[in-house]
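Inside the fold
Each chain, letter by letter, is given below.
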Amino acid sequence: MPAPRTPLRSARARRDARDGRVRRGAAVTAAHARARGFTLLEMLVVLVIAGLLVSLASLSLTRNPRTDLREEAQRIALLFESAGDEAQVRARPIAWQPTAHGFRFDVSSPDGWRTLRDDLLRPRDWDGGVTGADIDYPGAGQPGSDTRASRVVFGTESIDTPVRVTLHSAVGSATIVGTGNGRYEVQ
């Protein structure tokens, strides 16, 4: 015959159940299970918020088109310096010529101008949103006038004619200035 329950024991069991304590051998209550972790809905809300924050951060990290244009101008200015050095090494003039979708470097040969195909001075497409270029030789021709040209020629001498190349894009323009001493800078 089972032992009768004492009033003290049943009162303790009732108090433990009311306070959410689990006694040995008792079933886990629903309130206790909820207190141990997150619900699926709570996890989904956190994931949605995290996704929104990541998408906002990626939108704020997009590049400025003016910065892209300036970087393209700096890249071309460095290529101009390399082309000038290459013309001196080859003892043949090299020309830079803008095309419809980019630019190319040509080397002078007995047959005329021939497009270079090496790694550094190969034909390239415009980057940085560039849509075209203008070439000016300030002071060439009549005093006080600018002369437009279709190509920039790098001679075999270290001293050359000053030139100004303006790159155009939808957001503005950037100008590459060559002073005639073989160095080019972006303005």
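See the structure printed just above.
We now turn to the structure provided with this report. Keep in mind that what you see is a predicted model, and the values were worked out from it rather than measured. (Residues numbered from 1 in each chain as written. Predicted model: local features only at pLDDT ≥ 70, side-chain atom pairs only at ≥ 80, totals over all residues. Heavy atoms only, no water.)

**Focus on the overall build of the protein chain**
Just so we agree on the cut-off: Strands are runs of DSSP state E lasting at least two residues, helices are runs of H or I lasting at least four, and both sets are numbered from the N terminus onward. Partly exposed describes any residue whose relative accessible area lies between the buried limit of under 20% and the exposed limit of over 50%, with all areas from a 1.4 Å probe on protein chains only and scaled to the type maximum. Residues count as neighbours in contact if any of their non-hydrogen atoms are within 4.5 Å of one another. Under the convention used here, a 1.4 Å probe and the Shrake-Rupley method define accessible areas, while residue burial counts only the protein chains that appear.
Counting its regular elements, the protein chain contains four helices and ten strands. In sequence order, the protein chain lays out its α and β elements as α-α-α-α-β-β-β-β-β-β-β-β-β-β. When the 187 residues of the protein chain are sorted by exposure, 26% land in the buried category. In the protein chain, once contacts between residues fewer than 6 apart in sequence are set aside, the share between residues at least 24 apart is 51%. With an accessible surface of roughly 12900 Å², the protein chain has 56% of that area assigned to carbon and sulfur atoms.

**Some details on the packing of aromatic side chains**
Note the following rule: Working definition: a ring pair exists when centres of Phe, Tyr or Trp rings (six-membered ring for Trp) sit within 6.5 Å. Plane angles under 30 degrees give stacked, over 60 give edge-to-face, the rest tilted.
For the coordinates displayed, the defined rule picks out eight aromatic pairs. Centre to centre, the rings of W96 and F103 are 5.8 Å apart; their planes meet at 45°, and the pair counts as tilted. Exposure class is identical for W96 and F103. Each is buried. Arranged with centres 5.4 Å apart and planes meeting at 50°, the rings of F103 and W126 form a pair that is tilted.

**What to know about helix α3 (residues 40-60)**
In plain terms, the rule: Expected helix span is computed as 1.5 Å times (number of residues minus one).
With 21 residues, α3 should reach 30 Å at 1.5 Å per residue; the first-to-last C-alpha distance of 31 Å fits that figure. With zero of its 21 residues buried, α3 lies for the most part at the surface.

**Observations concerning the nonpolar core**
Note the cut-off: Working definition of a nonpolar core: buried Ala, Val, Leu, Ile, Met, Phe, Trp, Tyr and Cys residues. They are joined through side-chain atoms within 4.5 Å.
Judged by nonpolar contacts, the single largest core of 29 residues is most densely connected at W96, F105, F154, V165, L167 and I176. Residues within four places of W96 in sequence aside, it is in contact with I76, F80, F103, R104, F105, W126, A133, I135, R151, V152, F154 and V165.

**Quick look at the pattern of salt bridges**
The test is simple: The salt bridge definition used is simple: a Lys or Arg side-chain nitrogen within 4 Å of an Asp or Glu carboxyl oxygen.
All chains considered together, the criterion is met by eight salt bridges. R90 is the salt-bridge partner of E86, the closest N and O atoms lying 2.7 Å from each other. Taken together, the residues span about one helical turn, with E86 and R90 both in helix α4 (residues 65-90) at a distance of four residues. The class of R90 is partly exposed, set by a relative accessible area of 33%. Ionic pairing is found between R151 and D106, a salt bridge with its closest N-O pair at 3.9 Å.

**Re empty space enclosed by the protein**
Keep this limit in mind: With a 1 Å grid laid over protein atoms only, a set of points is called a cavity when a 1.4 Å probe fits there but cannot get out and a pocket when it is open yet has protein on both sides within 12 Å along at least five of seven lines; lining residues have an atom within 4 Å of a point. Grid points are joined across faces, edges and corners, and a volume is the space filled by probe spheres set on the points. By the convention adopted, Pro, Cys, Tyr, Trp, Phe, Met, Ile, Leu, Val and Ala count as nonpolar, Lys, Arg, Asp and Glu as charged, and the other residues, Gly among them, as polar.
Applying the stated criterion across every chain, the model contains one cavity of 30 Å³ or more. In this structure, the largest cavity is lined by Y137, V152, V153, D160, T161, V163 and Y184. Residues that form the lining of the largest cavity fall into these classes: five nonpolar, one polar and one charged.

**Considerations on unusual backbone geometry**
Positive phi values are uncommon outside glycine, yet A91 reaches one of about 60°. Looking at the element boundaries, A91 is found in the loop between α4 and β1 (94-98). The exposed category is assigned to A91, whose relative accessible area is 57%.

**Brief notes about a nonpolar patch on the surface**
Definition in use: A patch consists of residues exposed above 30% relative accessible area that lack any salt bridge, with like charges linked at up to 9 Å and nonpolar side chains (Val, Leu, Ile, Met, Phe, Trp, Tyr) linked at up to 5 Å.
Taken together, the side chains of L41, V45, I49, L53, L56 and L59 make up a nonpolar region of the molecular surface, amounting to roughly 630 Å² of accessible area. Relative to the helices and strands, V45 resides in helix α3.

**Overview of the pairing of strand β3 (residues 112-115)**
As a reminder of what qualifies: Strand pairing follows a simple DSSP-based rule, namely that at least 2 bridges must link the two strands.
Taken together, the four bridges between strand β2 (residues 102-109) and β3 define a ladder with antiparallel strand orientation. What sits directly across from S109, in β3, is G112. Hairpin geometry of β2 and β3 is characterised by an intervening segment of two residues between the two adjacent antiparallel strands.

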